[in-house]
Amino acid sequence: MTDLLILLDYLSDGQFHSGEDLAMELGVSRTAIWKKIQKLNRALPVKIISVHSKGYKIENPVAVLNKNAIMDSLSAEFHSQLNQLEVLLECSSTNQYLLEYLEKNQLKNCVVLAETQTQGRGRRGRHWVSPFASNIYMSLSWQMDISIAEMAGLSLVVAISVAKALQKFEVNDVMLKWPNDVYVAGRKLAGVLLELRGESNSPCSAIIGIGVNVNMPKDATNKIDQPWVDMQQLLNRQVNRNEVAAMILNELIPRLQQFNNKGFSGFTGEWEQMDLLAGKAITIEGHMQPGEGIARGVDKQGALLVEYKGEIQALYSGEVSIRPKNLSRHD
Ligand code: BTN
């Protein structure tokens with residue numbers, strides 16, 4: 001964790017901390033602490049006040065991500081395979097960060113989380129709204145033994161893992177919209193952005209980006225251009241993001257291994273239980289008129305099966321829209 005994050009972590013209890021104590025904890029001078037506090041005040045939506053003889057205090061306490069708390073909750077299986085886990089205060093996009101990191105270092109199997117993203121990326125070139133210290137913005141670079149050509153089902157496997165983790169927090173009625181959107185009652189709760197690197201017929205690296213709406217601040221909501229929901233609304237309480245991040249990783253790793261060894265076929269059952277599109281009238285962008293196709297589940301590769309003009313077609317990529325009134329099972 002960077003010094004700024006560690007500093008925020010100390011201040012997150014909302015109490016006064018003397019410059020001297022903070023300087024000792026971070027192993028820097030009191031002047032350096034003062035400069036870092038100015039930087040935090042300038043760069044982030046936080047206000048840290050300083051009171052003579054008392055020290056520094058944050059006016060609007062935030063719970064920041066904590067690397068040790070995440071590491072402590074990771075399964076032994078994950079620990080044995082993970083090379084590095086980093087928590088950043090800010091980056092353009094955690095996916096981009098890992099893509100650049102992979103180019104420079106050969107280090108595989110890394111996780112990065114950020115408190116905010118200045119250019120968070122969604123699927124199909126969309127922007128992913130990433131307000132500070134509110135949600136999960138996490139990417140994982142993972143070395144696979146299989147080629148890009150065999151990766152079609154991976155994004156579904158990631159979505160299943162995220163959904164399973166959310167269910168462990170007692171988020172009910174989680175549904176998956178092919179290929180990897182996570183919805184509750186027609187509103188988006190989480191999204192996955194997968195970027196692959198490697199030659200078409202040799203082992204590749206997967207950059208798996210996961211965004212989960214956890215405690216979305218009200219002032220960010222006007223920037224989101226689709227129906228959304230966060231864990232806070234669904235569970236009626238603030239949610240600890242360290243626990244959410246660790247839970248997702250713990251659900252994901254064994255599934256990544258299974259996918260790597262045996263492909264998607266073993267996941268069709270889990271997918272069917274949460275398949276939001278099954279039996280719905282859908283449209284595939286650029287392919288058909290509104291509501292012309294019917295979604296008929298997925299095949300053993302994770303391709304979407306669509307009944308269209310009396311025939312079943314397998315779709316490996318594409319943007320699917322459902323008739324709005326069909327979006328949830330609760331309508
Ligand atoms: C979607 O459009 O549904 C995909 C959203 C993926 C967002 C996550 S947040 C962490 C990672 N970094 C990014 O820039 N995007 C992904």
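Residues numbered from 1 in each chain as written. Predicted model: local features only at pLDDT ≥ 70, side-chain atom pairs only at ≥ 80, totals over all residues. Heavy atoms only, no water.

1. Re the overall build of the protein chain
Here's step 1: On a plain count of helices and strands, the protein chain comes out with 10 helices and 14 strands.
Here's step 2: In summary, the protein chain has a C-alpha radius of gyration of 21 Å against a globular reference of 20 Å for 331 residues, a match within 12%.
Here's step 3: Summarising its shape, the C-alpha atoms of the protein chain cover approximately 80 × 45 × 30 Å along the three principal directions.
Here's step 4: Within the protein chain, the fraction of its 331 residues that count as buried is 53%.
Here's step 5: Long-range pairs, those at least 24 residues apart, make up 64% of the contacts in the protein chain with a sequence separation of at least 6.
Here's step 6: Roughly 15500 Å² of accessible area belongs to the protein chain as shown, and the carbon and sulfur atoms make up 46% of that amount.
Here's step 7: Separation of charge centres in the protein chain, based on 34 positive and 36 negative side chains, amounts to 4 Å. (Helix = DSSP H or I, 4+ residues; strand = E, 2+ residues; numbered from the N terminus. Rg over C-alpha atoms; globule rule 2.2 N^0.38 Å. Buried < 20%, exposed > 50% of the residue type's maximum accessible area, 1.4 Å probe, protein only. Contact = heavy atoms within 4.5 Å. Areas by Shrake-Rupley, 256 points an atom, 1.4 Å probe, with all protein chains shown as cover. Lys, Arg positive; Asp, Glu negative; His and termini not counted. Charge placed at Lys NZ, Arg CZ, Asp CG, Glu CD.)

2. As for the packing of aromatic side chains
Aromatic rings in a pair are described by how distant their centres are and how their planes are angled relative to each other.
Here's step 1: Under the criterion given, the structure shown has 3 aromatic pairs.
Here's step 2: Between Tyr97 and Tyr101 the ring centres are 6.4 Å apart and the planes differ by 15 degrees, which places this aromatic pair in the stacked class. In this pair, Tyr97 and Tyr101 both sit in helix H6 (residues 94–104), 4 residues apart, roughly one turn of the helix.
Here's step 3: Take Tyr97: its relative accessible area is 25%, and that puts it in the partly exposed class. (Phe/Tyr/Trp six-rings, centres within 6.5 Å; stacked < 30°, edge-to-face > 60°.)

3. Section: the environment of Asn261
Here's step 1: Inspection of the secondary structure puts Asn261 in helix H9 (residues 241–262).
Here's step 2: Taking relative accessible area as the criterion, Asn261 reaches 59% and is therefore assigned exposed.
Here's step 3: With 59 residues separating them along the chain, Asn261 and Ser202 place their C-alpha atoms 15 Å apart.

4. A short note on the site of the ligand
Here's step 1: Contacts to the ligand come from 20 residues, most closely from Ser93, Gln117, Arg121, Arg123 and Lys188.
Here's step 2: When the ligand sits alone it has 410 Å² of accessible area, and the protein chains cover 99% of it.
Here's step 3: Broken down by element, the residue count for the shell around the ligand peaks at 4 residues, all from strand E8 (residues 187–197).
Here's step 4: Along the lines of polarity and charge, the residues of the shell around the ligand split into 6 nonpolar, 10 polar and 4 charged. (Near = heavy atom within 4 Å. Nonpolar A, V, L, I, M, F, W, Y, C, P; charged D, E, K, R; others polar.)

5. Quick look at the side chain of Ser155
Here's step 1: If you trace the backbone, Ser155 turns up in helix H7 (residues 154–168).
Here's step 2: When sequence neighbours within four positions are dropped, the list of residues in contact with Ser155 reads Pro179, Asn180 and Leu194.

6. Quick look at H9
Here's step 1: The terminal C-alpha atoms of H9, which comprises 22 residues, lie 31 Å apart, in line with the 32 Å expected from a rise of 1.5 Å per residue.
Here's step 2: Two or three places before Asn242, at the start of H9, stands the capping residue Asn240, its side-chain oxygen 2.8 Å from that residue's backbone nitrogen.
Here's step 3: Directly after H9, the chain includes Gly263, whose backbone phi takes a positive value near 80 degrees. (Expected span 1.5 Å × (residues − 1). Polar contact = N/O pair within 3.5 Å; in protein donor to acceptor, adjacent residues only side chain to side chain.)

7. Overview of the packing of H7 against H9
Here's step 1: H9 packs onto H7 with a crossing angle of 145 degrees between their chain directions and a minimal axis gap of 8 Å. Crossing geometry of H7 relative to H9 is assigned as right-handed. Contacts between H7 and H9 involve Leu154, Val157, Val158, Ile160, Ser161, Val162, Lys164, Ala165 and Lys168 on the former and, on the latter, Met247, Ile248, Glu251, Leu252, Arg255, Leu256 and Phe259. (Axes fitted to C-alpha atoms, helices over the stretch in contact; angles between N-to-C directions. Left-handed = near helix turned anticlockwise from the far one by under 90°.)

8. Quick look at the sheet that holds strand E11 (residues 293–298)
Adjacent strands of a sheet pair through backbone hydrogen bonds, lying either parallel or antiparallel.
Here's step 1: Spatial strand order, E13-E12-E11-E10-E14: 5 strands in an open sheet with antiparallel pairing. With one partner strand each, in any of the chains shown, strand E13 (311–315) and strand E14 (320–322) form the two edges of the open sheet. Direction aside, the axes of adjacent strands within the sheet are offset by 45 degrees on average.
Here's step 2: Of the pairings in the sheet, the one linking strand E10 (residues 281–284) to E14 comprises 3 bridges and is antiparallel in character. (Pairing = 2+ DSSP bridges.)

9. Thoughts on the sheet that holds strand E3 (residues 84–91)
Here's step 1: The sheet built from 7 strands is open, its strands ordered E3-E4-E5-E9-E8-E7-E6 with mixed pairing. The sheet terminates laterally at E3 and strand E6 (174–177), the two strands that pair on one side only. On average, adjacent strands in this sheet sit at an angle of 20 degrees to one another, irrespective of strand direction.
Here's step 2: Of the pairings in the sheet, the one linking E6 to strand E7 (residues 181–184) comprises 4 bridges and is antiparallel in character. Considered in E7, the bridge of Leu176 is made with Val182.

So far we have only geometry, and geometry alone does not tell us how the molecule works.
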